[in-house]
Amino acid sequence: MNLQMVGIDFHGADIAQREPLSFTKSKVQHLLPVLAAADGVQACVLLSTCNRTELYLHTSHPVDGLSLLAEAAGVCAEDYRGFRVVRQGEQVAYHIMEVAAGLKSQIFGDDQIVTQVRAALELAREAETTDSILDTLLRHAITVGKRVKTETRLVGVPSSAAACGVYKAAQYFGSLQGKRAVVIGNGEMGRLSAALLHEAGCDVTITLRSYRHGQTVVPAGCKTHAYEDRCALIDGVDLVFSATASPHYTLTAEQIHAMRKPPVLLVDLALPRDIDDTAANDNRIIIWNLDDLGRLEDENAEERAHAKTLIAEAYTDFKEWYDYRQALPVMAQMKDIAVERVHFDHSYPALAGDGDVDGLISLAVSKTIDMLLGGMKDIVSQERLAGCLKHMKKGCGK
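Everything numeric here is computed off the predicted structure, so don't read it as measured data. (Residues numbered from 1 in each chain as written. Predicted model: local features only at pLDDT ≥ 70, side-chain atom pairs only at ≥ 80, totals over all residues. Heavy atoms only, no water.)

(A) Representation of helix H4 (residues 90-100) within the structure. The buried count for H4 comes to eight of 11 residues, which makes it a mostly enclosed element. Considered for burial, the residues of H4 that qualify are Val-92, Ala-93, His-95, Ile-96, Met-97, Glu-98, Val-99 and Ala-100. (Buried < 20%, exposed > 50% of the residue type's maximum accessible area, 1.4 Å probe, protein only. Helix = DSSP H or I, 4+ residues; strand = E, 2+ residues; numbered from the N terminus.)

(B) Layout of the nonpolar core. Leu-46, Tyr-56, Ile-96, Met-97 and Val-117 are the most contacted members of the largest nonpolar core, which totals 61 residues. The leading source of residues in this core is helix H6 (residues 132-151), at eight residues. For Tyr-56, the contacting residues outside a window of four places in its chain are Gln-4, Met-5, Ala-43, Cys-44, Val-45, Leu-47, Val-92, His-95, Ile-96, Val-99 and Leu-134. (Core = buried A, V, L, I, M, F, W, Y, C linked by side-chain atoms within 4.5 Å. Contact = heavy atoms within 4.5 Å.)

(C) View of the side chain of Ser-242. Assignment of secondary structure puts Ser-242 in strand S8 (residues 239-242). Under the relative-accessibility criterion, Ser-242 is labelled buried at 1%. With residues up to four places along the chain from it excluded, the contact list for Ser-242 reads Ile-184, Thr-250, Val-267, Asp-268, Leu-269, Ala-270, Asp-274 and Ile-275.

(D) Structural detail: the pairing of strand S1 (residues 3-9). A large share of S1 lies buried, amounting to seven of its seven residues. Across the two faces of S1 the burial is the same, with Leu-3, Met-5, Gly-7 and Asp-9 and Gln-4, Val-6 and Ile-8 all buried. Bridge analysis of S1 against strand S3 (residues 52-59) gives seven bridges, and the strand direction is antiparallel. Bridge pairing in S3 links Met-5 to Tyr-56. The pairing of S1 with strand S4 (residues 85-88) spans four bridges and is classified as antiparallel. Counted as the bridge partner of Gly-7 is Val-85 from S4. (Pairing = 2+ DSSP bridges.)

(E) Representation of the sheet that holds strand S6 (residues 203-208) in the model. Across the sheet, six strands lie side by side as S7-S6-S5-S8-S9-S10; this open sheet has parallel pairing. Each edge of the open sheet is held by one strand with a lone partner, namely strand S7 (223-226) and strand S10 (286-288). Going from strand to strand, the sheet's axes swing by 20° on average, the running direction of each strand aside. As judged from the three bridges shared by strand S9 (residues 265-268) and S10, these two strands associate in the parallel manner. (Axes fitted to C-alpha atoms, helices over the stretch in contact; angles between N-to-C directions.)

Here it is in structure tokens:
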């Protein structure tokens, strides 16, 4: 398989190292055509999440994927060569399936990863940078990711960064009942955080940059406040969650230190980070980022094993599709040669002259099958032929 994956993830790169290669949706849309235009690249998909940034390539010949990604992103490739991960061929196919299934996330069974893989594929389709190979591979990955999510029953740990943050915050305080919390950001992660904090017993206020009646969704039981006045709102609360796509800090160290009574705990769920972690130099303040979450021990060994079984099945399906597709040009040549050989057989003129159409068809098919099986005698077995016969009968309605 002429497939390559190059990227960085939380296993080998900390959050500060991952930040420069963390891309917004608009940035991915800009980068895809640039990457696809590189020499040797036939198709590409770019996956950028909080845990990882991975470039998937279908190539005509070997390429330096890291250099392509670094140049397109405007960073130095050498700064990443020490902790970048490269996979080739079949490893790429198995890896993306594990990613989509949540086996490669900081939190096993991550609720969001399937959606993120699907979004990466859709962006590549819109940019026309994917092809049948990558498209089919990612569709298989998304399908098995959904199966793992549906067929495994996880226990003992939360299944998203937001849930993990709330879980650990409850452990830190002993209970979140009656605590005052502010959530900065009304995107998917922010809304989930606010809803979970409310369920845990917090008095929750979520900040909004703007409010559009009928369009802005606010979790039930949560209050709202203008983003611009967030510092006054936060002064005196117990904890803050921040989850935005802002390229700048939502809370700087200066803003936090200027508060009369800053929050004891701040949970940063964004990449790039929302909260200036130098504020934690003040011993009164604790700041957790994404690398501080998702490292809880879990009790899901059996479920992990089942997920791996499902992935192995999905990989086998993709490999069979890929091998068949790769064999199509050879099949076309075999058909041409079979027709040519049949035309030269001396039995055909006599049958044609007698008008024996059925005999002509029967002889042509017989000769063709003899040629095919004769060329595969070292790999043909009764079991394989029985399977082929079953498939042929099904096609004939038998």
